[in-house]
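Per-entry structural report
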Amino acid sequence: QVQLVESGGGLVQPGGSLRLSCAASGRTSSTYIMGWFRQAPGKEREFVAVMSQAGGFTSYGDSVKGRFTISRDNAKNTVSLQMNSLKSEDTAVYYCAADRNYAAPTWRPVYWGQGTQVTVSS
C-alpha cells in the first residue's frame, strides 16, 4: 500500500506557472506508476499525466500537452507536475494517483491523494 500527499497548489494568474508535488510513503513507492488527475467543479475527474516507474514512459491529457510536464524522483519518493501557461480552465482540484498497473486509454489507479486546489484567475 502507498499513501500520497500533494502540495503546491494555490492561486496563480493566467499565463503563470505552478509546480505541484506529491510525496509517496513506503519504501517500494518507486515500483508504482504515478500520475495526476484533476476535477473541476461540476465536471468529471480528468486524466492529466502519468509516468512509469523508471520514467521511460509518459502520457498526457490532450488539454495539457505542451504545457504540463510530469517528473519523478524515486530517491525522494516524489512525483511532480510542472504547469506552465496556465489558463482559467486549468482551475481544479489536482490529485496524485498511483498503481502498479497502467491501462490506456482509461487508467483507474487504486491509490489517491487528498487533492490540492489550483485556481487560475486574475
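Provided above is the structure to which this section pertains.
What counts and what doesn't
- Here the residue numbers are simple positions, counted from 1 along each chain's written sequence.
- Two thresholds apply to this predicted model, a pLDDT of at least 70 for residue-level local features and 80 or more for giving and counting side-chain atom pairs, whereas whole-chain, interface and lining totals are computed over all residues.
- The basis for every side-chain value is the complete set of non-hydrogen atoms in the structure, without hydrogens or water.
- Each helix is a run of DSSP H or I of at least 4 residues and each strand a run of E of at least 2, with the numbering of both proceeding from the N terminus.
- Contacts: residue pairs with any heavy atoms within 4.5 Å of one another.
- A pair of strands is labelled paired if DSSP reports no fewer than 2 bridges between them.
- Axes, fitted as lines to C-alpha atoms, cover a helix only where it is in contact. Angles between the N-to-C directions of the axes lie from 0 to 180 degrees.
- Nonpolar core, defined: a set of buried Ala, Val, Leu, Ile, Met, Phe, Trp, Tyr and Cys residues in which side-chain atoms within 4.5 Å join the residues together.
- Under the scheme applied here, a residue whose accessible area is under 20% of the maximum for its type counts as buried, over 50% as exposed, and between as partly exposed, the area being computed with a 1.4 Å probe on protein chains only.
- Stacked, edge-to-face and tilted labels apply to pairs of Phe, Tyr and Trp rings (six-membered ring for Trp) whose centres lie within 6.5 Å, assigned for plane angles under 30 degrees, over 60, and everything in between, in that order.
- We define a salt bridge as a side-chain nitrogen of Lys or Arg found within 4 Å of a carboxyl oxygen belonging to Asp or Glu.

Examined against the element boundaries, Ser80 turns out to sit in strand β8 (residues 78–83). Those residues in contact with Ser80, other than ones at most four positions away along the chain, are Arg19, Leu20, Ser21, Trp36, Thr69, Ile70 and Ser71.

Moving on: the sheet that holds strand β7 (residues 68–73). Strand order across the open sheet formed by 4 strands is β1-β3-β8-β7, with antiparallel pairing between neighbours. Whereas interior strands pair on both sides, the edge strands pair on one side only; in this sheet they are β1 (4–7) and β7. Ignoring strand direction, the axes of neighbouring strands in this sheet form an average angle of 15°. Here 6 bridges tie strand β3 (residues 18–24) to β8, and the two strands are oriented antiparallel to one another.

Before going further, it helps to examine the nonpolar core. In terms of nonpolar packing, the biggest core is built from 28 residues, with Met34, Trp36, Leu81, Met83 and Tyr94 touching the most fellow members. Mapped by element, the contributors of at least two residues to this core are β3, β4 (33–39), β5 (46–51), β7, β8, β9 (92–99) and β11 (116–120). Grouped together as the second largest cluster of nonpolar side chains are 5 residues, Ile33, Phe37, Val50 and Ala97 included.

Overall, the coordinates contain 7 aromatic pairs when judged by the stated rule. With centroids separated by 6.4 Å and ring planes inclined at 80°, the aromatic side chains of Tyr95 and Trp112 adopt a geometry described as edge-to-face. Residue Tyr95 is found in strand β9, and its partner Trp112 is found in strand β10 (residues 111–112); the two are separated by 17 residues along the sequence. You can call Tyr95 buried: its relative accessible area is 15%.

Counted under the stated rule, the structure contains 4 salt bridges. We note a salt bridge from Arg67 to Asp90, for which the minimum N-O separation is 2.8 Å. Taken together, the residues Arg67 in the loop between β6 (58–60) and β7 and Asp90 in the loop between β8 and β9 connect sequence positions 23 residues apart. Residue Arg67 shares its accessibility class with Asp90, and that shared class is buried. Where salt bridges share partners, they join Arg38, Glu46, Arg67 and Asp90 into one cluster.

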